[in-house]
Structure formats: structure tokens, C-alpha cells
Amino acid sequence: MSKPIVAIVGRPNVGKSTLFNVLANERISIVEDIPGVTRDRLYATSEWLDREFVIIDTGGIEIANTDKIAVSIREQAQIAIREADVILFVCDARTGITDEDAEVAKLLRKSKKPIILAVNKADSFKQEMEIFEFYNLGLGEPIPISATNHLGLGDMLDSVMDKVQQTVPQLNDEDEDEIKVALIGRPNVGKSSIFNALVGEERSIVSDQAGTTRDAIDTPVVKDGQRYLFIDTAGMRRKGKIEELIEKYSIVRSLRAVDRSDVVLMVIDAVDGVTEQDKKIVGYAHEAGKGIILVVNKWDLYKKDTGSTLRYTEELRKELVFLQYAPVVYVSAVTMQRIHRLPEVIKYVAEQNAMRISTSVINQIIEDACAINPPPTDKGRQLKIYFVTQVKIKPPTFVLFVNNPEIMHFSYQRYLENKLREAFGFEGTPIQMIIRAKN
Ligand code: GDP
Ligand code: GDP
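The residue numbers shown here count from 1 along each chain, following its written sequence. Chain letters and ligand numbers both follow the written order, the letters beginning at A and the numbers at 1. With pLDDT at 70 or above as the cut-off, local features in this predicted model cover only qualifying residues; side-chain atom pairs require 80 or more to be listed or tallied, and sums for whole chains, interfaces and linings still use all residues.

**Focus: the overall build of the protein**
A tally of helices and strands in the protein yields 13 helices and 17 strands. Considering the protein as a whole, with its 439 residues, one finds that 40% of them fall into the buried category. Summarising the internal contacts of the protein: among those between residues at least 6 apart in sequence, 74% fall at separations of at least 24. Secondary structure counts use DSSP, requiring at least four H or I residues in a row for a helix and at least two E residues in a row for a strand, with both numbered from the N terminus. Whether a residue is buried, exposed or partly exposed follows from its count of other C-beta atoms within 10 Å of its own C-beta, namely 20 or more, 12 or fewer, or something in between, respectively; the C-beta atoms are built from the backbone. By definition, residue pairs are in contact when their C-beta atoms, positioned from the backbone, come within 7 Å.

**A look at the packing of helix α12 (residues 359-372) against helix α13 (residues 410-424)**
When two helices pack together, you describe them by how their axes are tilted relative to each other and by the distance separating the axes. Here, axes are lines fitted to C-alpha atoms. For helices the fit covers the stretch in contact, and angles between N-to-C directions go from 0 to 180 degrees. One can describe the packing of α12 onto α13 by two numbers: an axis separation of 10 Å at closest approach and a directional angle of 125 degrees. When the axes of α12 and α13 are compared, the pair comes out oblique. Between α12 and α13 lies a crossing of right-handed hand. Taking contact as the criterion, the partners of Ile-365, Ile-366 and Ala-369 in α12 are, on α13, Leu-416, Lys-419, Leu-420 and Ala-423. Basically, the charged four are Asp, Glu, Lys and Arg, the nonpolar ten are Ala, Val, Leu, Ile, Met, Phe, Trp, Tyr, Cys and Pro, and anything else, Gly included, counts as polar. When its residues are assigned to classes, the contact of α12 with α13 shows 6 nonpolar, no polar and 1 charged. To sort the angles, those under 35 degrees are grouped as roughly parallel, those over 145 as roughly antiparallel, those from 65 to 115 as roughly perpendicular, and the leftovers as oblique. In a left-handed crossing the near helix is turned counterclockwise from the far helix by less than a right angle, and in a right-handed crossing that turn is clockwise.

**Concerning the environment of His-340**
With respect to the element layout, His-340 can be found in the loop between β12 (328-330) and α11 (342-353). The spatial distance from the C-alpha of His-340 to the C-alpha of Leu-198 is 7.2 Å, given a sequence separation of 142 residues.

**Examining the site of ligand 1**
In the region of ligand 1, 15 residues are neighbours, and Gly-15, Lys-16, Ser-17, Thr-18 and Ser-146 sit closest. For the shell around ligand 1, the element with the most residues is helix α1 (residues 16-30), which contributes 3 residues. Residues belonging to the shell around ligand 1 are distributed by class as follows: 3 nonpolar, 9 polar and 3 charged. Here, nearness means that the C-beta atom of a residue, built from backbone geometry, sits within 6 Å of the molecule or strand in question.

**Digging into the environment of Lys-280**
Structurally, the position occupied by Lys-280 is in helix α9 (residues 276-287). The exposure class assigned to Lys-280 is buried, which follows from the 20 C-beta atoms found within 10 Å. Measuring from C-alpha to C-alpha, the distance between Lys-280 and Tyr-43 comes to 8.5 Å, with 237 residues separating the pair along the chain.

**As for the site of ligand 2**
Taken together, 16 residues sit near ligand 2, with Gly-190, Lys-191, Ser-192, Ser-193 and Ala-333 positioned nearest. Counting residues per element, the shell around ligand 2 draws most heavily on helix α6 (residues 191-199), which supplies 3 residues. Residues that form the shell around ligand 2 fall into these classes: 5 nonpolar, 8 polar and 3 charged.

**So, the environment of Leu-107**
Along the polypeptide, Leu-107 turns up in helix α3 (residues 99-111). In sequence terms Leu-107 and Ile-81 are 26 residues apart; their C-alpha atoms lie 8.7 Å from each other. Once residues lying within four places of it in the same chain are set aside, the contact partners of Leu-107 are Arg-74, Ala-77 and Ile-81.

**Observations regarding the nonpolar core**
Joined through C-beta atoms within 7 Å, a set of buried Ala, Val, Leu, Ile, Met, Phe, Trp, Tyr and Cys residues constitutes a nonpolar core. Grouped together as the largest cluster of nonpolar side chains are 103 residues, with contacts concentrated most on Leu-88, Phe-89, Met-266 and Ile-293. The contact partners of Met-266, leaving out residues within four places of it in the chain, are Ile-184, Gly-185, Asp-278, Val-282, Ile-292, Ile-293, Leu-294 and Val-295. Counting residues in hydrophobic clusters, the runner-up holds 8 residues, among them Ile-362, Ile-385, Phe-398 and Val-402.

**A short note on the sheet that holds β12**
Two pairing modes exist for strands in a sheet, parallel and antiparallel, and in both the strands are linked by backbone hydrogen bonds. Strand order in the open sheet made by the 6 strands is β8-β9-β7-β10-β11-β12, with mixed pairing throughout. At either end of the open sheet lies a strand with only one pairing partner, and these are β8 (219-223) and β12. Looking at each pair of strands side by side, their axes are set apart by 30 degrees on average, direction ignored. Any two strands between which DSSP finds at least two bridges are classified as paired. Looking at chain direction, strand β7 (residues 178-184) and strand β10 (residues 263-269) are connected through 4 bridges and run parallel. Counterpart to Leu-183 in the pairing with β10 is Leu-265. Taken strand by strand, α6 contacts β7, β8, β9 (226-231), β10 and β11 (291-297), and its axis lies near 150 degrees from that of β7.

**Some details on helix α5 (residues 153-167)**
Here the expected span of a helix is defined as 1.5 Å times the quantity of residues minus one. The terminal C-alpha atoms of α5 lie 21 Å apart, and with 15 residues this matches the ideal 21 Å at 1.5 Å per residue to within 8%. Here the buried face of α5 lies against β1 (5-9), β2 (43-48), β3 (51-57), β4 (86-92), β5 (115-120) and β6 (142-144).

**Details of the pairing of strand β17 (residues 432-437)**
Side-chain direction in a regular strand flips from residue to residue, so the side chains alternate between the two faces of the sheet. Both strand β16 (residues 397-402) and β17 contribute to a ladder of 6 bridges, which runs parallel. Of the residues in β17, the one forming a bridge with Thr-397 is Gln-432. Handedness rule for crossovers: strands pointing away from the viewer, path from the first strand over the helix to the second running clockwise, crossover right-handed. Once you follow β16 into α13 and on to β17, the crossover reads as right-handed.

**Re the sheet that holds β6**
Ordered in space as β2-β3-β1-β4-β5-β6, the 6 strands form an open sheet in which the pairing is mixed. In this open sheet, the two strands that pair with only one neighbour each are β2 and β6. Each adjacent strand pair in this sheet contributes to an overall mean axis angle of 30 degrees, direction not counted. In this sheet, β6 lies alongside β5 in parallel orientation, the contact comprising 3 bridges. In the strand pairing of β6, Val-119 is matched with Pro-144. Sheet strands in contact with α3 are β1, β4 and β5, and its direction is about 165 degrees off that of β4.

**A few points about the pairing of β1**
The element β1 is extensively covered by neighbouring structure, given that 5 of its 5 residues are classed as buried. Side chains Ile-5, Ala-7 and Val-9 of β1 all project onto a buried face; the interleaved residues Val-6 and Ile-8 project onto the opposite face, where all are buried too. Bridging between β1 and β3 involves 4 bridges; their strand directions are parallel. Along β3, the bridge assignment pairs Ile-5 with Val-54.

Structural data, given as C-alpha cells:
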């Protein structure tokens, strides 16, 4: 199911990232805290009234070649206008309306996108009165909030969800037998070349299924009896000038593609390596529990000697610490080297991501693991793991019932995860562990 995207827009210092963190926080704490992923994040999944949505802090999107604040806010607003379902425009009650606010408001008004105007730093009743001037922006009713004091957030989210309900249908395009694949990565790493190489001659088999709700530009492919659906992302098709401009926005589009996918191909240019932006997007895929394959493309251009792939893989593992489980495939879309291997790796990873293990077998593995390396102790109490069960697939999710969740240590959880991986593989998929007190 595709989650609606809510983009936070506003000038620096109005409190966007504070608000983002408040909205993201509850959810983030459930997911394991992985260094390098949770820090400095752009995206997070949040929930209100049982509906999940993705929030983006556009202030965190790197806009190339500009030091001018006004330019970057305008660009961020344009990204939001293009890609988000609802825009959350944040202003500052203490400064009142600034020229930059007015300029962004003008852009937003023209866009016809649903907009919620939140006036932040309304920490007290006095400031709440001052928000009336914000009607002048012509964006409807300003909602007073205080991100730091957690005031007004419920009303604000109600308004956001109202707009979401009006604009985004709850799609359900689940088809169990079809593997949905998203190609992500920076512009020019070779996504469209790989896509064309993979899809090329298979085009004729493409069938149009009537009555299914999906983007017309997704491409179904059948290979060795397995159906795949390649989800469209920016840069997958041959480009003209306009598409090149839009490439900048590809991270937001990638995010949406990741949400809808089962398996993500993170395409890396062999010569350029991994960038910060790459880490953020693939970190999102990791948290979303998707199968992940690292595809190092343009391998034909890389100066190789013996052991090159080993060393390259080692470097990748250092850069992407949280992705130790992801297989690495070295390809060239130009010479077609190993391109034909991708479908089987995709299929394999999708199976791993959807693997279900019987309760008795899991408990045996955990018991053995605890015998080899006893659970941690804290203040004289030892952690006891009573029972483990798998509650979900995609990603495999385990609930561990213990005497006291606080004694569970991150490193011990990692140890158990490794034991599960040794026993069952789970190659290419994140694993989630939920620690619960049994009473
Ligand atoms: P951003 O640049 O828009 O992301 O803004 P930040 O989230 O970094 O916040 C800028 C400053 O405003 C920080 O010092 C925050 O602590 C402060 N701030 C954020 N929200 C509030 C609020 O609701 N009330 C008050 N008084 N300060 C806030
Ligand atoms: P995208 O923006 O990620 O979709 O990248 P493209 O597929 O458009 O590729 C960008 C450029 O890299 C094009 O000029 C391609 O011909 C070139 N390219 C793509 N894959 C390879 C490869 O494996 N080897 C070499 N040498 N060039 C490649």
C-alpha cells in the first residue's frame, strides 16, 4: 500500500526539524536505533488515526549549487509541490510573516496542492492571538502549534489527515505472486540503462491487466515463469531536458517507489561510490523492511586487479554498516556483464524477505544461542528470554517475550540477530525484533 507523503516546508529556523522529530519520534523508537540511519534523517513514517504517512523535512534536502537561502527554500517548496500529497507549511509566530514566507505562500497557492498552514512557536495564549495575521498569506486557517511544547499537534494532524483522505485513495495493489522492484540511486548511475537491459527483449510479454490500480508507467516483466513489476522511478526512462530537471526530485520519487516495492536495487556507480544521499534513501528502505540488493554498475569502467571485488565489497560494508545482509552484484549495463543474474537474485531476496520460520525451530536456535553466550545482566538481574515467535513477514519480524525488556542490550540483540541469520539466511532482508515483557 502506498503511504501518503506529507512534506514540511518553511524557511530556516521556524522549527521544521523540531516538528519533524516530534512527529517521527514515536515510530522511530520501535525500530532499532542504527548509527548513521537515524541521525540526520529526511524521512520518517508516522501515524495518526490509524493511517500511516511519510513525512519529509524538505529543509534537509540538499539543493546543489546554491548558498542563497531564498533560492533553496523556493526549490524545496517546488519539490514538495511536485511530489508531496499534502504540504505542511510552517511559519514562526514570533517573527510574523516575512518576505520569504509570502513568496513561498505565493508559490504554494498557485500549485493547487492541499496545504496546511501551521504557525509554530505559539507556546502560549499570547502568541496564539498573534497568529491571525497569517490569514494574510491566503492559505486558509492558520493552525497555532508549538513543536517544543507539543501543543496543537493533534488539531494540525487532523487537518492533514482530512486533506489526505480527500486526495489519496487507499490503494491496495497487493499481488502475492508478483515481485515489485524499485531501482534507486543518484542520477547517472545507470538506472535506466540497467532497466532497459533487463526489460529490453522481454517487452513483448508485457501484458496489460484490466482493472488493476497501478501507475501506468510501471513495467511488468516475466522471467523464467516469475512475474516482476518494475516500479517507475525518476531516471528510469530515456530523458529529455525536462526529465533532467526533474531528476533533482528523484529522491522523493524514489521514496514512494521504495514504499510500494518488495525489493530495492540500490544502484551505485562503481567509480563514484556511495554518497550521503544514497545512504539516506537506502536507510529508508532498510527501515521500511524491504529486500535490498546493492548493484555496483559500470564495473567495466573500474580499474581491476585480483581481489578488486572483495576489496570493493569490504569498503561498501564499511560505508553501509547497517546493510551487512545485502548481497552485492557487480554489473555493467553496457557490456551486459552479470545483468542476466539480477532476476534470480531479486527472486531469492524476495523469498528471504517473505520467509516464515516455525516457532519451535526459532526457539531452539535462540535457546542454543543463549547457552553459548548467556543473556546480559543488569543490577544483579539476568535477562530471561521465555519465548520467541515470528509475527510478520516482509520483513521477518520476531517478538521476544522476556522478563524485563530494559535488560536487553543492543549488542545482545545484534548477537541474536546474527544467530538467526546463521541459521536461516535472511539474506538481503532486514530483520525486526520486538522485545516485550511477559507478565
Ligand atoms: P528549522 O531550521 O526550520 O528546521 O528549525 P529548527 O527545528 O532547527 O528550530 C529552530 C529553533 O527554533 C530551535 O532553536 C528550536 O528549539 C526552536 N523551536 C522549534 N519549535 C519551537 C517552538 O514550538 N517554540 C519555541 N519557543 N521554539 C521552537
Ligand atoms: P540513470 O540516470 O541512473 O538512469 O543513468 P543512465 O542509465 O541514464 O546512465 C547514465 C550514463 O552512464 C549513460 O551515458 C550511460 O550510457 C552510462 N552507463 C550506464 N551504465 C553503464 C555501464 O555499466 N558502463 C558504462 N561504461 N557506462 C554506463
